[in-house]
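Coordinates in review
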Amino acid sequence: MDETMLSWARQVAEKELSGVLPRRWAHSQGVAARAAGLGHFLGGDAELLAAAAVLHDVGYAPRLAETGFHPLDGARFLREEHGADERLVRLVANHSFALLEAEERGLREDLATEFPLLEEPLLVDALVYCDITTTPDGGRTTAQDRVAEIRSRYGDDSVVGRFIRRAAPEIFASVERVEVALVAQPR
């Protein structure tokens, strides 16, 4: 894999997250490590997945938080400050069913208009899988445990709590599709 995009992505994510949000940076590195394990199954999109994985939470960086919705803030930052690849920006903007959370925040139209969801289900599912099977500290977990952790951390009545309850069936289905595809891969 040509690692030009991935090297750049790591530098950007580390600069924005490591000093101010070290736990978020650890999570992003863990998500990127999960993505590296899927490279064989995505072929030419392996580097794109890995770059999106390390950058997916860059919008949490305090200096980037304009709307307070990290997928949108991160995607805008990547597009406006870096002129990043459109597919990469759209993956970051829509990671892990962000449209559902955008709806909870009154930002669905903004997200959907600026950053339409990629019509590449395997790639979209792969990023969901990597994100949702990685703990906040970068370790591995199950999708069920991660959703429970998110609900516990944010509370069921919060915006994130409402979103994750709504998104859970889709998240679990996405993770299952990736796991089935991984099992089907020749060894």
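Every value quoted in this text rests on a predicted model; they were computed, and no experiment measured them.

With that settled, consider helix α10 (residues 143-154). Given 3.6 residues per helical turn, the α-helix brings residues three or four places apart onto the same face. Over its twelve residues, α10 runs 17 Å from end to end, which matches the ideal 16 Å to within 8%, given 1.5 Å per residue. On the buried face of α10, the contacting elements are α2 (22-36), α9 (121-132) and α11 (159-184). One or two residues past the end of α10 sits G155, with phi positive at roughly 90°.

This part is about the pattern of salt bridges. By the definition in use, this model includes 19 salt bridges. When the shortest N-O distance is used, the salt bridge between E101 and R105 registers 2.9 Å. The exposure class assigned to R105 is partly exposed, which follows from its relative accessible area of 33%. One salt bridge connects D156 with R151, and the closest N-O pair in it is separated by 2.8 Å. D156 sits in the partly exposed class, given a relative accessible area of 32%. Taken together, the salt bridges that share partners define one network made up of E103, E104, R108, R162 and R166.

Before going further, it helps to spend a moment on the packing of α9 against α11. Each pair of packed helices gets described by two things: the angle between the helix axes and the distance between those axes. Following both chains from N to C, one finds α9 and α11 inclined at 105°, their axes separated by 8 Å at the closest point. With respect to their mutual orientation, α9 and α11 come out roughly perpendicular. Counted together, D125, A126, V128, Y129 and I132 of α9 and I171, S174, V175, R177, V178, E179 and L182 of α11 form the full contact between these two elements. Considered class by class, the residues forming the contact of α9 with α11 number eight nonpolar, one polar and three charged.

On to the packing of α10 against α11, then. It is at 10 Å that the axes of α10 and α11 come closest, and there the two elements cross at 175°. Classed by the angle they form, the pair α10 and α11 counts as roughly antiparallel. Across from A143, Q144, V147, I150, R151 and Y154 in α10, the residues of α11 making contact are V160, G161, I164, R165, A168, I171, F172 and V175. Considered class by class, the residues forming the contact of α10 with α11 number ten nonpolar, two polar and two charged.

Basis of the calculations
Residues numbered from 1 in each chain as written. Predicted model: local features only at pLDDT ≥ 70, side-chain atom pairs only at ≥ 80, totals over all residues. Heavy atoms only, no water. Helix = DSSP H or I, 4+ residues; strand = E, 2+ residues; numbered from the N terminus. Expected span 1.5 Å × (residues − 1). Contact = heavy atoms within 4.5 Å. Salt bridge = Lys/Arg side-chain N within 4 Å of Asp/Glu carboxyl O. Buried < 20%, exposed > 50% of the residue type's maximum accessible area, 1.4 Å probe, protein only. Axes fitted to C-alpha atoms, helices over the stretch in contact; angles between N-to-C directions. Parallel < 35°, antiparallel > 145°, perpendicular 65-115°, else oblique. Nonpolar A, V, L, I, M, F, W, Y, C, P; charged D, E, K, R; others polar.

Read these as geometric descriptors, not functional statements.
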